[in-house]
Amino acid sequence: GAVVSQHPSWVICKSGTSVKIECRSLDFQATTMFWYRQFPKQSLMLMATSNEGSKATYEQGVEKDKFLINHASLTLSTLTVTSAHPEDSSFYICSACPTGNQPQHFGDGTRLSIL
Amino acid sequence: GESVGLHLPTLSVQEGDNSIINCAYSNSASDYFIWYKQESGKGPQFIIDIRSNMDKRQGQRVTVLLNKTVKHLSLQIAATQPGDSAVYFCADLSWGYSTLTFGKGTMLLVSP
């Protein structure tokens, strides 16, 4: 149980393109989901907390207009990287908690490559 | 966990050896700790967790030790197998907060 699915798993786009990444909780409802960014050989850095039905909470230094988050249902959160540039190339990972007393379960990530 | 560095510490072991991966955390208010395993190109996978009212917890082939006095966490893997090769992250969280703080990670390489 507690499966989190991300789509797409890998995307290659030209600079200036906007890219949408989906994060779904497959067998549970998640009022809160989390979006992380990970560079090669580094740890996960929290970008934002996605809240169902309300605005996302962004970490310091993360541009909310650059990384648009929408959490329209209890099983889906989306991250849109707007006007992506090569420096946005990274591994983006989402997670969700089945309940407040359980650890976060992670999706398998989306590798974004901007040419 | 502590702040991220640019170089991933690596632990190389032989198959069958016991492995110990260490982690330091900085938030003295943290009361929940998790170890995750991340294989190449995948998201982190939950291994084991421990709450601050415990100092040891055992799972299948894994044991987590918590020393709150020195803010140190360790993961012990018994009879390490090639399939255990991955990057291991500790993460901590304080009561009332939902956001995890990840450690820098350790790459475990298991040779047959």
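The rules we used
Residues numbered from 1 in each chain as written. Chains lettered and ligands numbered in written order. Predicted model: local features only at pLDDT ≥ 70, side-chain atom pairs only at ≥ 80, totals over all residues. Heavy atoms only, no water. Salt bridge = Lys/Arg side-chain N within 4 Å of Asp/Glu carboxyl O. Buried < 20%, exposed > 50% of the residue type's maximum accessible area, 1.4 Å probe, protein only. Phe/Tyr/Trp six-rings, centres within 6.5 Å; stacked < 30°, edge-to-face > 60°. Helix = DSSP H or I, 4+ residues; strand = E, 2+ residues; numbered from the N terminus. Lys NZ or Arg CZ within 6 Å of the ring centre and 35° of its normal. Disulfide = S-S within 2.5 Å.

Caption draft 1: Summary view of the pattern of salt bridges. All names here are of chain B. Taken as a whole, this structure holds six salt bridges over all chains when the rule is applied. When the shortest N-O distance is used, the salt bridge between E39 and K42 registers 3.8 Å. Residue classification places E39 among the partly exposed residues on the basis of a relative accessible area of 27%. For D49, the salt bridge identified is with R57, shortest N-O distance 2.3 Å. With relative accessibility at 11%, the residue D49 sits in the buried group.

Caption draft 2: Representation of the packing of aromatic side chains. Counting across every chain of the model gives nine aromatic pairs over all chains. Taking the centre distance of 6.3 Å and the plane angle of 45 degrees together, the rings of F67(A) and Y92(A) count as tilted. Of this pair, F67(A) sits in strand β7 (residues 67–73) while Y92(A) sits in strand β9 (residues 90–96), and the two are 25 residues apart along the sequence. As far as the burial class goes, F67(A) and Y92(A) line up, both buried. Pairing Y36(B) with F102(B) gives two aromatic rings, centres 5.7 Å apart and planes at 35 degrees, and the pair type is tilted. Note that Y36(B) is positioned in strand β3 (residues 30–38) and F102(B) in strand β9 (residues 101–102), a separation of 66 residues in sequence. Looking at Y36(B), the relative accessible area reads 0%, which means it is buried. Following the ring pairs from residue to residue traces out a cluster consisting of Y36(A), F106(A), Y36(B), F46(B), F89(B) and F102(B). Over the ring of Y32(B) we find R51(B); its NZ or CZ atom is 4.2 Å from the centre of that ring.

Caption draft 3: Quick look at the state of the cysteines. Enumeration over the complete set of coordinates arrives at two disulfides over all chains. There is a disulfide in this structure between C23(A) and C94(A), and the S-S distance comes to 2.0 Å. Judged by the torsion about the S-S bond (80 degrees), the C23(A)/C94(A) disulfide is right-handed. Separated by 71 residues along the polypeptide, C23(A) in strand β3 (residues 19–25) and C94(A) in strand β9 bring together distant segments of the chain. For the pair shown, C23(A) and C94(A) are each scored as buried. Here C23(B) is linked by a disulfide to C90(B), with a sulfur-sulfur distance of 1.6 Å. With C23(B) in strand β2 (residues 19–24) and C90(B) in strand β8 (residues 86–94), this residue pair connects regions lying 67 residues apart in the sequence. Each of the two residues, C23(B) as well as C90(B), counts as buried. Sulfur of C97(A): no disulfide; nearest cysteine sulfur belongs to C23(A) and is 11 Å away.

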